[in-house]
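# Observations on chain architecture
What follows is the residue order along each chain.
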Amino acid sequence: MAGMRGRQTVRGMFQSLAVIMVAAGVMYLFIPHDEKATPVEAKDYRVELLTAQRAAPYPVLAPQGLGEDWKATVVSYKREEHDAWRLGFLDPDTQYVAVQQSTEDPKKYVPKVTLEAKNTGRTRTVGGREWQLWEGPKYDALVRSEGGATTVVTGTASFDRLAQMAGALQSQKA
């Protein structure tokens, strides 16, 4: 009789496991799971851009004409931090690209926003303007100073994507 009880326990365990597996399969089928969905929602930065353009002592830049596959994710203007403007995007390859501007001393500002990138001594012409190339362990960057501010186009994206952003930058007076 003891041997029979042992077989019933094992059989009951397998039956319970089968019921659990069926329940898990049903839940998997009916719970939405879209692997292609973008978890990051694009931000509308127009209000912040207008505010920065009115307040900043330099021409605030933002991209014009980039495709809808560029998603704005971060936007801020901080007057108390040397009039710092920041506009971050995910590019079509889901790499980060940011436009950052400030009146802070470029020797301090550029390494700070590029997470310790270094000037390579090389330049690249984008849209008729010359940009310095900076390379870093995390972010690369295109850098130029003009109109009392330093503009940094930085991120994890390739230099070609950074150049695409730099070429799309325009200033519109508020």
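Given the structure is predicted, the values throughout are model-derived calculations rather than measurements.

## Some details on the side chain of Gln 100
- Mapped onto the fold, Gln 100 is located in strand S4 (residues 96-102).
- Look at Gln 100 and you get buried, because its relative accessible area is 9%.

## Comments concerning the confidence of the model for the protein chain
- On average, residues of the protein chain carry a pLDDT of 88, and 90% of them reach 70 or more.
- Of all the helices and strands in the protein chain, helix H1 (residues 2-30) carries the lowest mean pLDDT, 77, while S4 carries the highest, 96.

## Focus: the pairing of strand S8 (residues 149-155)
- Most of S8 sits inside the fold, with seven of its seven residues counted as buried.
- Here S8 shows two buried faces, one formed by Ala 149, Thr 151, Val 153 and Gly 155 and the other by Thr 150, Val 152 and Thr 154.
- Relative to S8, S4 runs antiparallel, the two being bridged by six bridges. Bridged to Val 99 within S8 is Val 153.
- Relative to S8, strand S7 (residues 140-146) runs antiparallel, the two being bridged by seven bridges. Directly across from Arg 144, in S8, lies its bridge partner Thr 151.
- A loop of two residues connects S7 with S8, the two strands running antiparallel in sequence, and Gly 147 in this loop sits at a positive phi of about 65°.

## Concerning the pairing of strand S3 (residues 84-90)
- Along S3, six of the seven residues are buried, which leaves the element largely enclosed by surrounding structure.
- Pairing geometry for strand S2 (residues 71-78) and S3, over seven bridges, is antiparallel. Along S3, the bridge assignment pairs Tyr 77 with Trp 85.
- In this structure, the hairpin formed by S2 and S3 is closed by a connection of five residues, where His 82 is found at a positive phi of approximately 60°.
- Pairing of S3 with S4, which is carried by six bridges, proceeds in the antiparallel orientation. Paired with Phe 89 across the strands is Val 97, a residue of S4.
- Remark: five residues form the turn of the hairpin made by S3 and S4, two consecutive strands paired antiparallel; Thr 94 in that turn has positive phi of roughly 60°.

Reading guide: rules and limits
- Residues numbered from 1 in each chain as written.
- Predicted model: local features only at pLDDT ≥ 70, side-chain atom pairs only at ≥ 80, totals over all residues.
- Heavy atoms only, no water.
- Helix = DSSP H or I, 4+ residues; strand = E, 2+ residues; numbered from the N terminus.
- Buried < 20%, exposed > 50% of the residue type's maximum accessible area, 1.4 Å probe, protein only.
- pLDDT = per-residue confidence, 0-100.
- Pairing = 2+ DSSP bridges.

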